[in-house]
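# Coordinate inspection notes
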Amino acid sequence: MRPAVEAAGLTVAAPTAPARIRRQLPTSPWLFAAPGLLVTGAFVLYPFVSTVVNSFTDRRTLLPGRFVGLANYRELLHDDMFWTGLRNSTLYIAGVVPALVILPLLLALLVHRNIPGITFFRSAFYTPVVASIVVVGLIWVWLLDERGLVNSLLETVGVGRVGFLSDQWLLLLSAMAVTVWKGLGYYMIIYLAALANVPRELHEAAAVDGAGPVRRFLTVTVPAVRSTMVLVAALSSVAAFKVFSEVYLMAGPSGGPAGEDTTLVMLVQRTGTGLSGRVGYASALSVVVFAVTVALMLLVLRADRREES
C-alpha cells in the first residue's frame, strides 16, 4: 500500500511518538511494576493480613486454630508481661529519642566544616552504623560484664563493680546507650545533608548582628533543620519502640532479672516461637505494636504541624 502511494507522488508521514505509545499494550506499565508488586505482596501485604487474621484465632505453631474473636485482645489487658513490655518500650522512647535528635545534630555541626582530616572523623563516627548489631551487642556485653573492661577500670579507681547487666534499670539504660551509640552516625548523615542546604548568609547576618555561636545555633540552625529534626524524631521513635536486638543480646532470652526488661517485640518473639508457640496471641501483640507505632508517627507529625501553624 505504501509503495503504491509513494509511486503516485504522495508521502506518508511516519507515526508520531504519541501514536506509537497508544499502540503499545495497556498493560506495559504493570509489567514493569510487577516484580516490585510481587515482592511487596509476598513479604509485606500477605504477612500483615495474615497477622491481623491470626490475631482473632487461637492458632498455635502446629495447629490451625479457630476463631475466638477479641479473646486475645482481652487477655492482653490482664497480662502483666504485656504491661511490663509496654512500660519498657515507652521508657526506651523517652530515653533514646531526645538523645538521637540532639546529639547527632551537634555531631553533624562538629564535622560539617571542611578542614583537613575531617573525612576520617566522619568515617569513624559512621562505623558503628555499618557494624552488625550482633557484633556491637556482644562487644558491649563484654565491656559491661561483671568481669568486663568497664568494671575492671571502676574497681581500679576504687568505685567497685557495677551490675550493668544484672540490675533491672541499669541494664535498660545500658541497652539505650548501645542504641544511641549505634544510631549517632546514621542520623548525623541525615543532619549533614540538611546543614548543607542552610544558606551561609544567614549565619553571616546573625554574626554581624552580634549573635554568638550558641545564639546562631538556636536562631538560625535549629529553625533551618526543624523539619529534619521531626523526621529524625519519627524514625527514632519507631525504631526505639520496636527495639529487640540490643535488649535481647544484653538481657538474654528471659528479658533480664525476672523478665523485667522485656520489651513488646521480645514478648512477641517469646510467645509466638517454638513448637507450642501461641501464634494467635503473638499476632495480637504484633497488631498492638503496629497500632502504637502508627500512633507515634501521627503524634510527631501533628506536633510539627501545630508548631508550623
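Right above here is the structure, for reference.
Remember, it's a predicted structure, so these values are computed and weren't measured experimentally. Sequence positions are assigned chain by chain, starting from 1 and proceeding in written order. Local features in this predicted model are restricted to residues of pLDDT 70 or higher, and side-chain atom pairs are both shown and tallied only at a pLDDT of 80 or more, whereas totals for entire chains, interfaces and linings draw on every residue. Side-chain measures were taken over the full set of non-hydrogen atoms in the model, leaving aside hydrogen atoms and water.

## Focus on the layout of surface pockets
- For cavity detection a 1 Å grid was placed over the protein atoms alone, and a set of points counts as a cavity when a 1.4 Å probe fits there but cannot get out; an open set counts as a pocket when protein lies on both sides within 12 Å along at least five of seven lines, with lining residues being those that have an atom within 4 Å of a point. Grid points are joined across faces, edges and corners, and a volume is the space filled by probe spheres set on the points. A volume near 610 Å³ is recorded for the largest pocket.
- As for the largest pocket, its lining consists of 15 residues, of which Leu-109, His-112, Arg-113, Arg-200 and His-203 are closest to the centre.
- Each helix is a run of H or I in the DSSP string that is no shorter than four residues. Each strand is a run of E no shorter than two, and both are numbered from the N terminus. Those elements giving two or more residues to the lining of the largest pocket turn out to be helix H10 (200–208) and helix H11 (213–224).
- Note that Gly is not counted as nonpolar here; it falls among the polar residues with everything else outside the nonpolar set of Ala, Val, Leu, Ile, Met, Phe, Trp, Tyr, Cys and Pro and the charged set of Asp, Glu, Lys and Arg. For the lining of the largest pocket, a count of residues per class yields seven nonpolar, four polar and four charged.
- Surrounding the second largest pocket, 17 residues form its lining, Thr-179, Lys-182, Gly-183, Ala-239 and Glu-246 being those nearest its centre.
- Counting residues per element, the lining of the second largest pocket draws most heavily on helix H9 (residues 168–195), which supplies five residues.
- Considered class by class, the residues forming the lining of the second largest pocket number ten nonpolar, four polar and three charged.

## Overview of the pattern of salt bridges
- Any Lys or Arg side-chain nitrogen located within 4 Å of an Asp or Glu carboxyl oxygen qualifies as a salt bridge. Overall, the coordinates contain four salt bridges when judged by the stated rule.
- Put simply, Asp-58 and Arg-66 hold a salt bridge, and the shortest N to O gap is 3.5 Å.
- The cut-offs for exposure are 20% and 50% of the maximum accessible area for each residue type, with area from a 1.4 Å probe on protein chains only; residues under the lower value are buried, those over the upper are exposed, and the others partly exposed. By relative accessible area, which is 31% here, Asp-58 ends up partly exposed.
- According to the relative accessible area criterion, Arg-66 is exposed, its value standing at 55%.
- With its nearest N and O atoms 3.4 Å apart, the salt bridge here joins Arg-87 to Glu-260. Note that Arg-87 is positioned in helix H5 (residues 80–111) and Glu-260 in the loop between helix H13 (245–251) and helix H14 (264–272), a separation of 173 residues in sequence.
- On the accessibility criterion, Arg-87 (29% relative accessible area) is partly exposed.
- A residue is classified by how much of its surface remains accessible, and Glu-260, at 26% relative accessible area, is partly exposed.

## As for the packing of H5 against helix H6 (residues 118–130)
- Interhelical geometry of H5 versus H6 gives an angle of 160 degrees and a closest axis separation of 10 Å. By the angle class used here, H5 and H6 are roughly antiparallel. Between H5 and H6, the residues in contact are Leu-107, Leu-110 and Val-111 and Ile-118, Arg-122 and Phe-125, respectively.
- Considering only residue class, the contact of H5 with H6 consists of five nonpolar, no polar and one charged. Axis lines are fitted to C-alpha atoms, over the contacting stretch for helices. Their N-to-C directions set the angle, which ranges from 0 to 180 degrees. What sets the label is the angle itself: under 35 degrees gives roughly parallel, over 145 gives roughly antiparallel, 65 to 115 gives roughly perpendicular, and the rest give oblique. In what follows, residue pairs with any heavy atoms lying within 4.5 Å of each other are defined as contacts.

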